[in-house]
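# Remarks on the overall topology
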Amino acid sequence: MQLKEAYADIQGNEAWLLNAHISEYSHGNRENHQPMRKRKLLLHRQEIDKLFGLVREKGLALIPTKLYLKNGRVKCEIAVARGKKLHDKRESERAREQQEEARQAVRRSKADWD
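Quick summary incoming for the structure in this document. (Residues numbered from 1 in each chain as written. Predicted model: local features only at pLDDT ≥ 70, side-chain atom pairs only at ≥ 80, totals over all residues. Heavy atoms only, no water.)

### Some points on the layout of surface pockets
- Reported here for the largest pocket is a volume of approximately 460 Å³.
- Those elements giving two or more residues to the lining of the largest pocket turn out to be strand E3 (39-41) and strand E5 (73-81).
- For the lining of the largest pocket, the element with the most residues is E5, which contributes five residues.
- A per-class count over the lining of the largest pocket returns nine nonpolar, no polar and four charged.
- Roughly 150 Å³ of volume is contained in the second largest pocket. (1 Å grid on protein atoms, 1.4 Å probe; cavity = no way out; pocket = protein on both sides within 12 Å on 5 of 7 lines; lining within 4 Å. Points joined across faces, edges and corners; volume = space filled by probe spheres on them. Helix = DSSP H or I, 4+ residues; strand = E, 2+ residues; numbered from the N terminus. Nonpolar A, V, L, I, M, F, W, Y, C, P; charged D, E, K, R; others polar.)

### Structural notes on the side chain of arginine 39
- Turning to its location among the elements, arginine 39 is positioned in strand E3.
- The residues touching arginine 39, leaving out its near neighbours within four places in the chain, are Ala15, Trp16, Leu17, Ala20, Ile22, His33 and Gln34. (Contact = heavy atoms within 4.5 Å.)

### Focus on helix H1 (residues 45-58)
- The end-to-end C-alpha distance of H1, which contains 14 residues, comes to 20 Å, matching closely the 20 Å that a straight helix rising 1.5 Å per residue would cover.
- Those residues of H1 lying buried are Ile48, Leu51, Gly53 and Val55. (Expected span 1.5 Å × (residues − 1). Buried < 20%, exposed > 50% of the residue type's maximum accessible area, 1.4 Å probe, protein only.)

### Describing the side chain of aspartate 9
- The residue aspartate 9 is located in strand E1 (residues 7-11) in this model.
- Buried within the structure, aspartate 9 lacks any salt-bridge partner; its nearest side chain of opposite charge belongs to arginine 56, at an N-O separation of 4.1 Å.
- Engagement of the side chain of aspartate 9 in a polar contact is seen with the side chain of glutamine 11, the distance being 3.4 Å.
- The contact partners of aspartate 9, leaving out residues within four places of it in the chain, are Glu14, Ala15, Trp16, Leu18 and Arg56. (Lys, Arg positive; Asp, Glu negative; His and termini not counted. Salt bridge = Lys/Arg side-chain N within 4 Å of Asp/Glu carboxyl O. Polar contact = N/O pair within 3.5 Å; in protein donor to acceptor, adjacent residues only side chain to side chain.)

Next up, the structure:
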């Protein structure tokens, strides 16, 4: 199960989990589910209305933080988060590039010793 690019959305008074990759059952047959299909989240009406208001009015996003089993059911914990601004994205990208350059330098120095 992978939640890296996943998010939740309110569509037509229903909550949906989108872009979550849940692998197929290895011993399944042709009736297996699609790994990237959208999944309906079961929430109370008041919870859906509250999340809908936050998403539409304040421009926040619904992000799944973890999935776990409880009493034979899969539970999804959802966080309400604000997206990154453009300058924050640039900083993150710069830091990622610097870390990658450092890793490559270490690999080169190890290769020189071999």
